[in-house]
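# A closer look at the structure
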Amino acid sequence: MAVITSTDNDFDDVIEQNEKVVIKYFADWCGSCKLFAPKYKRLSEDDQYNGITFLEVNAEENEFARRKSGVNNLPFFSIFKDGELVEGVATSKEEVVVDLINKLN
């Protein structure tokens, strides 16, 4: 599945319309965010994560979405299940993100 870019305008709708959601928060100036982008795309295409919606949100441009996940550093990843925040973490380590995503299964 492709990574979907979300904004404050559609954030709640996407979270509520999809049972399992993982979100990557980034900023254009964030080098670690850019380095993680291909890994996140690869994870989104992994068959073991079918049924999970992968979002990315520009944290600087979308204050509402950023607050909803409690973003405190970048890159930041959060998971939502049935419209509710389950957990969030600031990391650039793929294994930490994989562990987070696996909590949705």
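Reading guide: rules and limits
Residues numbered from 1 in each chain as written. Predicted model: local features only at pLDDT ≥ 70, side-chain atom pairs only at ≥ 80, totals over all residues. Heavy atoms only, no water. Core = buried A, V, L, I, M, F, W, Y, C linked by side-chain atoms within 4.5 Å. Buried < 20%, exposed > 50% of the residue type's maximum accessible area, 1.4 Å probe, protein only. Helix = DSSP H or I, 4+ residues; strand = E, 2+ residues; numbered from the N terminus. Contact = heavy atoms within 4.5 Å. Polar contact = N/O pair within 3.5 Å; in protein donor to acceptor, adjacent residues only side chain to side chain.

The subject of this paragraph is the nonpolar core. Within the largest apolar cluster, 18 residues are counted, with the highest numbers of intra-cluster contacts made by Phe11, Ile15, Ile23, Tyr25 and Leu74. Secondary structure elements with two or more residues in this core: helix H1 (11-17), strand S2 (20-26), strand S3 (52-58) and strand S4 (76-81). When residues of this core are assigned to their parent elements, the largest contribution, four residues, is made by S2. Apart from residues lying up to four places away in sequence, isoleucine 15 is in contact with Val21, Ile23, Leu55, Phe80 and Gly83. Counting 14 residues, the second-largest nonpolar core is a separate cluster that includes Tyr49, Ile79, Val97 and Val98.

Turning to its location among the elements, aspartate 46 is positioned in the loop between helix H2 (31-44) and S3. When the C-alpha positions of aspartate 46 and asparagine 62 are compared, they lie 27 Å apart, and in sequence the two are 16 residues distant. Looking at aspartate 46, its side chain comes within polar contact range of the main-chain nitrogen of glutamine 48, at 3.0 Å.

Looking at the element boundaries, threonine 91 is found in the loop between strand S5 (84-90) and helix H4 (94-102). Residue threonine 91 is classed as buried on the basis of its relative accessible area of 11%. Those residues in contact with threonine 91 that lie beyond four places of it in its chain are Pro75, Phe77, Val96 and Val97.

Our focus in this paragraph is unusual backbone geometry. Note that the residue after leucine 74, namely proline 75, is joined by a cis bond; omega there is -10 degrees. Tracing the sequence through the fold places proline 75 in the loop between helix H3 (63-69) and S4. We note that aspartate 82 has phi near 50 degrees; this positive angle belongs to a residue other than glycine. Here aspartate 82 is to be found in the loop between S4 and S5. Relative accessible area serves as the criterion here: at 55%, aspartate 82 is assigned to the exposed category.

This is a description of form; function is not addressed.
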